[in-house]
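# A closer look at the structure
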Amino acid sequence: MYSSVSKGFALLVLVLMNCIMFSAKAANGITVSTEINFSAQPQQCVTLHQGRDCFATILIQWQRPTSQTICLFHVNKKQATSKKQLMCWPESKAGQANIEFESSDNLTYQLRTQLDDRLLAETEIIVSWLHKNTRRRRWRLF
Amino acid sequence: MFTKPINPNIINRLFIYSIVAIAFFIAATTHASPEEQSLTTHGNTPITKDAFEWQFMLDMALVNSPVMLTDVEQTELWDYVQLGLLFDISYKGFFLRTNSRRSSTILGGEELGYQITVQKDWQLDVILKAYIEGFDPIEILDDQNKDIPELVGLNNREYTSGIALRYSRYFENAIFYIDIASARASENEQGHSATGIIIDSFYSYLIPYRNWDIYLGAGLTYYEKALMDYYIGINADEVSSARPFHIADSTFRAQLEVYAQYPLSQSWSFNAGITQSFYSNSIKRSPIIDKNKLTQLMVGVLYVF
């Protein structure tokens, strides 16, 4: 049973854990390191049914004081080897991109240096749903 | 089928419906188990019936739903508003489930049922539901603010409920079901009632498009003569100059439907749909019926608790 209450509680726990892990966290839930400002919006993707792929266009933005080649990755933490490079910004102080999100699981977006693959910042896009998946739901209007 | 523009009985029906739902909810929470109930048949075929699950929803919609009764139209803003409190509950194979246009029929359009057998691609249920809504000509005439001679002095018609055997077949992105129901139109003030068979089938095909669910549906329903005669037949005590004696025939209804749903947030969804119904031409021979094709539209939101 996945009621809104339990989903909300789970989300709250995730947010609280995130707060504890990253003390420099911004008010909108964005992970921020001392070296870089990083945001991804929206941070939640809602699908109709549990287990269905959720689609969203995520606006990625980052800014840092010095130029460096920065790469964007997405990671599905349920799959250990799922780190995938999406794009890089060569020798830049700031970057912006619209990323097409398509996943039934939460995905983490990471900014890493191209030179030494050092993690600079990350943020997680949460997938939630309106209805628990059931094959028995029928929709008949009239 | 014979939906009235205003139905004051909805409150009473919602009350009964709420009582049934609450009783079911209490019974279920007392014995709730998070696991699904798995049984084993003699052939070692697993049967997995619904465990305790529930969903409570609030439906708010604007509905354009024409009525087939002669000269009856939706007249006031409230006629276009549909509000519904919806429960979907299951426990150990028993279920109370929302299935159709919720606030238009007895028990809010809910189906009370039991899963006889649940297999990978199909299942068999026994269900209890209201199949046809009744109408009260006095209420309709009060609402219409015009004279409709065909309805003046007509006896009221009560709702029809039925007990049915439902076979459901599941495909990759589609569902087909057929109900074979023994139905009874309740006795009205004049002591008239009717019993008959209703065979109701529906096929629904889901097209997922990004976060949208788009359902294409088609249905075919058969109503036995006795039931149709109860609703659209004219008895000897109802005959007037505008309303000759009439014996109705059995009737078929074909339906085509498109329904779409989109999640607005974790609790709200947007819903819209259109249904085109075609009834047998013969129903227009009844003096109280002037249309056999109905186009119904719905646009609304659903809140999931």
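If you're wondering where the values come from, they're calculated on a predicted model, not measured in any experiment. (Residues numbered from 1 in each chain as written. Chains lettered and ligands numbered in written order. Predicted model: local features only at pLDDT ≥ 70, side-chain atom pairs only at ≥ 80, totals over all residues. Heavy atoms only, no water.)

### Concerning the pattern of salt bridges
Oppositely charged side chains are able to pair whenever their charged atoms sit close together. The full count for this structure, using the stated rule, is 14 salt bridges over all chains. A salt bridge links B:R210 to A:E100, with the shortest nitrogen-to-oxygen separation between them at 3.4 Å. Of this pair, B:R210 sits in the loop between β10 (194–209) and β11 (212–223) while A:E100 sits in strand β4 (residues 84–103), placing the two residues on different chains. In this structure, the salt-bridge partner of B:R97 is B:D125, at a minimum N-O distance of 4.0 Å. Of this pair, B:R97 sits in strand β5 (residues 94–98) while B:D125 sits in strand β7 (residues 122–132), and the two are 28 residues apart along the sequence. The class for B:R97 is buried, based on a relative accessible area of 8%. A relative accessible area of 0% means that B:D125 is categorised as buried. (Salt bridge = Lys/Arg side-chain N within 4 Å of Asp/Glu carboxyl O. Helix = DSSP H or I, 4+ residues; strand = E, 2+ residues; numbered from the N terminus. Buried < 20%, exposed > 50% of the residue type's maximum accessible area, 1.4 Å probe, protein only.)

### Side note on the packing of aromatic side chains
For the coordinates displayed, the defined rule picks out 15 aromatic pairs over all chains. With 4.7 Å between their ring centres and 20° between their planes, B:F56 and B:F87 make a pair best called stacked. Placement of B:F56 in strand β3 (residues 53–64) and of B:F87 in strand β4 (residues 81–91) is noted, with a sequence separation of 31 residues between them. Judged by its relative accessible area of 17%, B:F87 falls in the buried class. Where B:W268 meets B:Y303, the ring centres are 4.8 Å apart and the plane angle is 65°; that geometry is what we call edge-to-face. In this pair, B:W268 is assigned in strand β13 (residues 268–279) and B:Y303 in strand β14 (residues 293–304), connecting sequence segments 35 residues apart. We classify B:Y303 as partly exposed; its relative accessible area is 23%. One aromatic cluster is present, built from ring pairs that chain together B:F56, B:F87, B:W268, B:Y303 and B:F305. One Lys or Arg, A:K83, reaches over the ring of A:F73 and ends 5.0 Å from the middle of that ring. (Phe/Tyr/Trp six-rings, centres within 6.5 Å; stacked < 30°, edge-to-face > 60°. Lys NZ or Arg CZ within 6 Å of the ring centre and 35° of its normal.)

### A closer look at the state of the cysteines
Residue and element names in this part refer to chain A. As enumerated under the stated definition, the model contains two disulfides over all chains in all. In this model C45 forms its disulfide with C54; the gap between the sulfur atoms is 2.0 Å. Disulfide C45 to C54: torsion about the S-S bond roughly -95°, handedness left-handed. You'll find C45 and C54 in the same group, each marked buried. Covalent S-S linkage joins C71 and C88, the inter-sulfur distance amounting to 1.9 Å. Classification of the bridge connecting C71 and C88 rests on its S-S torsion, roughly 100°, and on that basis the disulfide is right-handed. (Disulfide = S-S within 2.5 Å.)

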